[in-house]
Amino acid sequence: MKKVLRPYQKDAVVDINNAMYNKNSKTNLLSLPCGAGKTFTGAAVVEDWLDKDSTNVAIWLIHRKELLKGAVKEFESRGRDYFIVDSIDSMMHQPTTIRLYIVMIRSLLNSTETRYVKNKLVPV
């Protein structure tokens, strides 16, 4: 059985999409209590973003491995290809066809300094 958004989740997705597409908002914040479906709701926003334009790219930031498992499970259930960025090395070998990146912040913070070169992060 396919999961569907609860009314408050659907409202959140509609509000975020409206802010991004109609009000040109650069920043949005989704705040829900524990167990209310933040990953599920956020994944719906990401899915809408990726479906809107085939050139759109999404970055899903996480700070704990437990959240990685949930994000991977959610995006896999939606049939989305993703690439996990968990180190500088993984950034150097990223596939070019992927449009969804799951980035582990801690791994990047513990890595060497980086800089952008031709839209890619590389070690300094």
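Please refer to the structure higher up on the page.
Here is a short report on the structure shown in this document.

### Focus on the overall build of the protein chain
Next up, step 1: Per the secondary structure count, the protein chain includes five helices and five strands.
Next up, step 2: The helix and strand sequence of the protein chain, counted from the amino end, reads α-α-β-α-β-α-β-α-β-β.
Next up, step 3: With 124 residues in all, the protein chain has 35% of them scored as buried.
Next up, step 4: Counting only contacts in the protein chain whose residues sit at least 6 apart along the sequence, the fraction spanning at least 24 positions is 52%.
Next up, step 5: Accessible surface for the protein chain amounts to roughly 8800 Å². Of this, 54% is attributable to carbon and sulfur atoms.

### Side note on the pairing of strand β1 (residues 58-62)
Next up, step 1: Alternating residues of β1 divide into Ala58, Trp60 and Ile62, all buried, and Ile59 and Leu61, none buried.
Next up, step 2: Across five bridges, β1 lies against strand β3 (residues 100-104) in parallel orientation. Of the residues in β3, the one forming a bridge with Leu61 is Val103.

### Focus on the environment of Phe75
Next up, step 1: Tracing the sequence through the fold places Phe75 in helix α3 (residues 65-77).
Next up, step 2: When the C-alpha atoms of Phe75 and Phe40 are compared, they prove to be 9.0 Å apart, with 35 residues separating the residues in sequence.
Next up, step 3: With near-sequence residues (within four places) excluded, Phe75 lies in contact with Ala43, Val46, Trp60, Arg80, Tyr82, Leu100 and Ile102.

### Focus on the pattern of salt bridges
Next up, step 1: Counted by the stated rule, this structure contains six salt bridges.
Next up, step 2: Here Glu66 and Arg64 are joined by a salt bridge, their closest N and O atoms 3.3 Å apart.
Next up, step 3: With relative accessibility at 42%, the residue Arg64 sits in the partly exposed group.
Next up, step 4: A single network of salt bridges, built from pairs that share partners, joins Lys3, Glu47, Asp51, Glu74, Arg78 and Arg80.

### Comments concerning the sheet that holds β1
Paired through their backbone hydrogen bonds, the strands of a sheet run either parallel or antiparallel.
Next up, step 1: Read across the open sheet, the three strands follow the order β1-β3-β2; overall the sheet is parallel. Each edge of the open sheet carries a strand with a single partner, namely β1 and β2 (83-85). When strand polarity is set aside, the average angle formed by the axes of neighbouring strands in this sheet is 25 degrees.
Next up, step 2: Strands β1 and β3 of the sheet are contacted by helix α2 (residues 38-52), whose axis makes an angle of about 160 degrees with β1.
Next up, step 3: Lying over the sheet, α3 contacts β1, β2 and β3, oriented at roughly 170 degrees with respect to β3.

### Some thoughts on the nonpolar core
Nonpolar side chains in soluble globular proteins tend to end up buried together.
Next up, step 1: Ranked by size, the top nonpolar core spans 13 residues in total, and within it Val46, Trp60, Ile62, Leu68, Phe75, Leu100 and Ile102 carry the most contacts.
Next up, step 2: Elements that contribute at least two residues to this core include exactly α2, β1, α3 and β3.
Next up, step 3: For this core, the element with the highest residue contribution is α3, accounting for four residues.
Next up, step 4: Sequence-distant contacts of Ile102, defined by excluding residues within four places in its chain, comprise Trp60, Ile62, Leu68, Ala71, Val72, Phe75, Tyr82, Phe83, Ile84 and Val85.
Next up, step 5: The next biggest cluster of nonpolar side chains, apart from the first, holds five residues, and it includes Phe83, Val85, Ile98 and Tyr101.

Reading guide: rules and limits
Per chain, the residues get numbers from 1 upward, laid out in the order the sequence is written. pLDDT decides what is reported in this predicted model: residues at 70 or higher carry local features, side-chain atom pairs at 80 or more are listed and counted, and totals for whole chains, interfaces and linings draw on all residues regardless. For the side-chain quantities, the full set of heavy atoms in the structure was used; hydrogens and water were omitted. A run of H or I in DSSP becomes a helix once it reaches four residues, and a run of E becomes a strand once it reaches two; helices and strands are each numbered from the N terminus. Whether a residue is buried, partly exposed or exposed follows from its accessible area with a 1.4 Å probe, protein chains only, as a fraction of its type maximum: under 20%, in between, or over 50%, in that order. The contact criterion used is simple: two residues touch if any of their non-hydrogen atoms lie within 4.5 Å. In these tables, accessible area is a Shrake-Rupley quantity obtained with a 1.4 Å probe, and a residue counts as shielded only by the protein chains included in the view. Note on pairing: two strands pair once DSSP finds at least 2 bridges between them. Salt bridges are counted wherever a side-chain nitrogen of Lys or Arg sits within 4 Å of a carboxyl oxygen of Asp or Glu. A fitted line through C-alpha atoms represents every axis, and for helices the fit uses only the stretch in contact; the resulting angles, taken between N-to-C directions, go from 0 to 180 degrees. By nonpolar core we mean a set of buried residues, namely Ala, Val, Leu, Ile, Met, Phe, Trp, Tyr and Cys, connected to one another through side-chain atoms within 4.5 Å.

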